[in-house]
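Chain and residue survey
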Amino acid sequence: MAAANYLPSEDQFLCSICLDVFTDPVAIPCGHNFCKNCINEQWNFNEQYMCPMCKKVFNTKPELHVNTFISEMVAQFRQSAQQKASSSSSEQQVSKPGEVPCDVCTGTKLKALKSCLVCLVSYCETHLESHLTMSGLKRHQLIDPVENLEGRMCTKHDKPLELFCKTNQTCVCMVCTVLDHKKHDVVPLKEEYEEKKVKLEAEIQQMIQKRRLKIQEIKHSVDLSEEDADRELAEGVQFFTSLKESVERGLNELTDTIKEKQKTTEKQAEAFIKELKLEISELMKRSTEVEQLSRSEDHLHLLQSVQSLKTNQPSPTKDWTKVSVRPSYAGTVVRAVAQLEETLSKEMKKLGESELKRVQQYAVDVTLDPDTAHPNLILSHGRKQVCTGKVKKNLPNNPERFSLIPCVLGKQSFSSGKYYFEVQVKGKTEWDLGVARESVNRKENIPLNPEDGYWTIWMINGNEYEALAGHPVHLSLKSPPQKVGVFVDYEEGLVSFYDVDAAAFIYSFTGCSFTEKLFLYLWPGNNEDGKNSAPLIISPVRVN
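Residues numbered from 1 in each chain as written. Predicted model: local features only at pLDDT ≥ 70, side-chain atom pairs only at ≥ 80, totals over all residues. Heavy atoms only, no water.

1. As for the layout of surface pockets
Note the following rule: The way it works is a 1 Å grid over only the protein atoms, where trapped points that fit a 1.4 Å probe form a cavity and open points with protein on both sides within 12 Å along at least five of seven lines form a pocket, and then any residue with an atom within 4 Å of a point lines it. Grid points are joined across faces, edges and corners, and a volume is the space filled by probe spheres set on the points. Think of it this way: any DSSP run of H or I at least four residues long counts as a helix, any run of E at least two long counts as a strand, and we number them from the N terminus. Residue polarity follows a fixed list, in which Ala, Val, Leu, Ile, Met, Phe, Trp, Tyr, Cys and Pro are nonpolar, Asp, Glu, Lys and Arg are charged, and the others, Gly among them, are polar.
Within this model, the largest pocket holds a volume of roughly 700 Å³. D228, R358, Y362, K418 and D489 are, among the 21 residues lining the largest pocket, the residues nearest its centre. Contributing elements (two or more residues each) for the lining of the largest pocket: α6 (189-293), α8 (332-360), β19 (483-489) and β20 (494-499). The leading source of residues in the lining of the largest pocket is α6, at nine residues. The residue makeup of the lining of the largest pocket, split by class, is seven nonpolar, four polar and 10 charged. Each pocket or cavity is described by its volume, and for the second largest pocket that value is around 600 Å³. Lining the second largest pocket are 19 residues, and of these M348, K478, A503, A504 and F505 lie nearest its centre. Where the lining of the second largest pocket is concerned, the elements lending two or more residues are α8, β20 and β21 (504-509). If you tally residues by element for the lining of the second largest pocket, the top one is α8, at eight residues. For the lining of the second largest pocket, the residue count by class is 10 nonpolar, four polar and five charged.

This is how it looks when you write it as structure tokens:
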């Protein structure tokens, strides 16, 4: 079965004389095959019977017979080649999906080569011939094949759309220019096409240029990011190296202190033991004397001798009950850790100052938006300060204004990049500040949390600080901040708060997904009969 389906290549059926497929193939005695006419003409011309392939010479002209086997193989090969050629030709002409078919063809639709804007018909190669040869049809306008030729006709006047009205920016026919678009600026489609093409090409080139510039900007940002990363890493390595050295130094000092104390204890113990041994030796001598006296039967002499021993010789013993050689190590480790904590605090302050300087370079000038301010709020003339008044003003209840919560938003919005601002909170008993997204509900009492569009921290009850992160996060601050810095990295999804005067980090919202414009948010708190009348002040940023 495999042999039946096998067809040799064309090279196997080529005559080496005419270099074409065999016609009446014959085999000569040496075994080589040629076309019958080719080998006869070769021998007749040379007057010698030699094989053109192997050069073998025959004395007499060999009798030539058509090789029926090869002849049949050649016939099969020709038939197969013709079928392939016919199939290939059909595939090239038959309309494929996505190609415009000929409107004239019946049955199998062939691929259209041109469309006529006069006839509103698409033609294949065969049916197009009349438009190329007949004088009347030669004047028709042919274009590359397109579908929906009816769409190129004016629906109102059934004429080709061959003009463009610049006044109404629409394609029109000749009748339109006389009736509906009289006195309008009308130009041929080609002219408008050329103008639009030039403009479009210019716009595309401009878009390409912008994207190339963006590529450069991104590459530059990567370089800057690498520099930032190197600087941050160097600073981190320096900080942790210093911390490591402080820990090692503290551990060494703690070890030396404990060892020195133990060494002193051992020396003191040796001195006590030596003294105790001397006393034991002295007591043993007295014990011997008492034993000798006890052998005498002269009781008077014994009593006088014992009395003499007590009065004439100092007592070799002292009270050892209060003597101790076990030192107290209480507080030794605590003091060492306290020393380390002090060192760490100093390093943290340096790090905080460096971090604060870094974010302060993104300082922006922000003001308050009076259209968002609650009627109880009082804004300064420069719109940099806000406090809560005692009287509710009669203001328009516009969509931007907060109706229930006495708060206000900034005028400027931010939807990309990094920015930083500072708010003075000095003299207040309660406040809330941070950023809010544009779509926050301004007419209801909505919880202040990221889910509802607020990223803020507050101070309440005079000394309690919390980050409003859904569940309030208690903030342990060493001292009450007098000025709070707010830093936002829109792409990073980061909102950080700093104690500006102490150069200390307070809290960060991380992993935020910002999709809207962000605004400064301030809540100055209730007035509390003047106790909380001090304003929140947007302060100019001064790098420490």
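2. Looking at the sheet that holds strand β6 (residues 121-123)
Put simply, the test is: Paired strands, in this sense, are two strands between which DSSP finds at least two bridges. Any two residues having at least one pair of non-hydrogen atoms within 4.5 Å are treated as being in contact. Between the N-to-C directions of two axes lies an angle of 0 to 180 degrees, each axis being a line fitted to C-alpha atoms and, for a helix, fitted only over the stretch in contact.
Spatial ordering of the open sheet is given by β6-β5-β7, a layout of three strands whose pairing is antiparallel. Where the open sheet ends on each side, the last strands, each with one partner, are β6 and β7 (142-143). With two bridges joining them, strand β5 (residues 114-116) and β7 adopt antiparallel strand pairing. When the sheet's bridge partners are listed, S115 is paired in β7 with I143. Each of β5, β6 and β7 is contacted by helix α3 (residues 125-133), which is oriented at about 110 degrees to β6, the strand it contacts most.

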